[in-house]
Amino acid sequence: MRYSAYSIFKEALSGNRMWKPAWREPQPKPHYDVIIVGGGGHGLATAYYLAKEFGITNVAVLEKGYLGSGNVGRNTTIIRSNYLLEGNNPFYEFSLKLWEGLERDFNYNAMVSQRGILNLFHSDGQRDAHARKGNGMRIHGVDAELLDREQVRRKAPYLNFDHARFPIMGALYQKRAGTVRHDAVAWGYGRGADARGVDLIQHCEVTASAAKTGWWSASRRPGVLSAATSWRWRPPAIRRRSAGWPISNCRSRRMSCRPSFRKGSNPWSTT
Ligand SMILES: Cc1cc2nc3c(=O)[nH]c(=O)nc-3n(C[C@H](O)[C@H](O)[C@H](O)COP(=O)(O)OP(=O)(O)OC[C@H]3O[C@@H](n4cnc5c(N)ncnc54)[C@H](O)[C@@H]3O)c2cc1C
């Protein structure tokens, strides 16, 4: 079911009894091409883009709780690309651009609101650091403005400009930065992945003993991707069973992520 103004109108007329769940509750299949451990932002985004960009849809996301019950459902809020370092800036700018079309892309309201971000400065030294960062951003084509005290006051008149312990001297402003609603990020990606055929399997914890249940003894070796933040290490049983397997562990990063391999290439060959 596609969400639209029309579908809201139609459902309202039927007393809102016809809404379908946002994703299926599938039974796990015996074989998958890719298994992703962890239904947080990274796991679900990876599943979504595998299906959307690369046509890899025989994918399962295994989540020990419900989708978005990890960090992403609590913490992911600010979206921005106001970074200083060479490697960071284009990376987060790419990510911010993904956000700008994302809700339309996965047909879900993640409440993306580009209301801008102000990073205040309170001393000459801080102003210089912010100016440097702003210049770094602009060199990479990212929007950045250095505001003086009066410009900040016009944007946020409710701040304490007169009696603050650290007086406000100005701010680095990124207009396109903003907020998203944390759990909707997970649910949007989940819904988009499910619509493309990905199996989202909730309340399915991957444990070391999972190896003994036969999950991993599929005749075709699937790619196994751990997007579970808590997987700081690979459980010994899985390590044993997975010798030579294309398993990779993704550490937690704040980004809207997308697999970076080229179309048609084997995503697992380099991991
Ligand atoms: C205080 C704080 C503030 C933050 N603020 C921002 C912000 O403003 N903007 C921003 O972009 N980022 C922010 N972040 C970072 C962002 O929230 C995280 O980078 C992001 O949520 C990580 O997503 P994830 O998918 O890696 O992890 P998670 O969302 O934690 O997902 C991991 C999933 O794996 C599951 N799992 C774990 N073990 C297993 C297992 N054995 N089997 C099956 N499933 C398993 C968990 O249940 C969980 O659902 C913040 C983080 C913190 C801590």
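Residues numbered from 1 in each chain as written. Predicted model: local features only at pLDDT ≥ 70, side-chain atom pairs only at ≥ 80, totals over all residues. Heavy atoms only, no water.

**Student:** Hey, could you go over the overall build of the chain for me, with residue numbers and the actual values?
**Tutor:** Scanning the chain for helices and strands turns up nine helices and ten strands. Taking all 271 residues of the chain together, 42% fall into the buried category. Here the contacts in the chain between residues at least 6 apart in sequence split such that 75% fall between residues at least 24 apart. For the chain, the computed accessible surface area is about 15,200 Å², with 52% contributed by carbon and sulfur atoms. (Helix = DSSP H or I, 4+ residues; strand = E, 2+ residues; numbered from the N terminus. Buried < 20%, exposed > 50% of the residue type's maximum accessible area, 1.4 Å probe, protein only. Contact = heavy atoms within 4.5 Å. Areas by Shrake-Rupley, 256 points an atom, 1.4 Å probe, with all protein chains shown as cover.)

**Student:** Break down unusual backbone geometry for me, citing the residues and quoting the values.
**Tutor:** With glycine set apart, most residues show a phi of negative sign, and most peptide bonds adopt trans. Not every positive phi belongs to a glycine, and N107 is a case in point at roughly 55°. Summarising the element assignment, N107 is placed in the loop between α4 (88–106) and β4 (117–121). The phi dihedral of M111 is positive, around 55°, even though this residue is not glycine. One can find M111 in the loop between α4 and β4. The partly exposed category is assigned to M111, whose relative accessible area is 45%.

**Student:** Please set out the nonpolar core residue by residue, giving values where relevant.
**Tutor:** Ranked by size, the top nonpolar core spans 31 residues in total, and within it V59, Y189 and V198 carry the most contacts. Mapped by element, the contributors of at least two residues to this core are β1 (34–37), α2 (41–54), β2 (59–62), α4 and α7 (182–195). The element contributing the most residues to this core is α2, with seven residues. Once residues lying within four places of it in the same chain are set aside, the contact partners of V198 are R24, A47, A51, T57, V59, V61 and A193. Counting residues in each nonpolar core, the second largest holds eight residues, with I35, V37, L62 and C204 among its members. (Core = buried A, V, L, I, M, F, W, Y, C linked by side-chain atoms within 4.5 Å.)

**Student:** With reference to specific residues and values, describe the pairing of β1.
**Tutor:** Consecutive side chains along a regular strand alternate between the two faces of the sheet. Burial along β1 is two-sided: the residues V34 and I36 and I35 and V37 are all buried. The pairing of β1 with β2 spans four bridges and is parallel. The residue bridging I35 from the neighbouring strand is A60, located in β2. Since β1 and β2 lie parallel, the crossover through α2 that links them has a hand, and here it is right-handed. (Pairing = 2+ DSSP bridges. Right-handed = clockwise from strand over helix to strand, strands pointing away.)

**Student:** Tell me about the packing of aromatic side chains, and name the residues and values.
**Tutor:** For the structure shown, the criterion picks out nine aromatic pairs. Taking the centre distance of 5.0 Å and the plane angle of 75° together, the rings of Y48 and Y49 count as edge-to-face. Both residues of the pair, Y48 and Y49, belong to the buried class. With a centroid separation of 5.1 Å and an interplanar angle of 70°, the aromatic rings of F106 and Y189 are classed as edge-to-face. Placement of the pair is F106 in helix α4 and Y189 in helix α7, with a sequence separation of 83 residues. We classify F106 as buried; its relative accessible area is 3%. Since its relative accessible area comes to 1%, Y189 is described here as buried. Site record: aromatic cluster; members linked through ring pairs are Y48, Y49, F106 and Y189. (Phe/Tyr/Trp six-rings, centres within 6.5 Å; stacked < 30°, edge-to-face > 60°.)

**Student:** Kindly report on the side chain of E93, identifying the contributing residues and their values.
**Tutor:** When you line up the elements, E93 lands in helix α4. Classification of E93 as buried rests on a relative accessible area of 6%. In this structure the side chain of E93 is engaged in a polar contact, spanning 2.7 Å, whose partner is the side chain of S81. Leaving out residues up to four positions away in the same chain, E93 has contacts with S81, V142, Q174 and R176. (Polar contact = N/O pair within 3.5 Å; in protein donor to acceptor, adjacent residues only side chain to side chain.)

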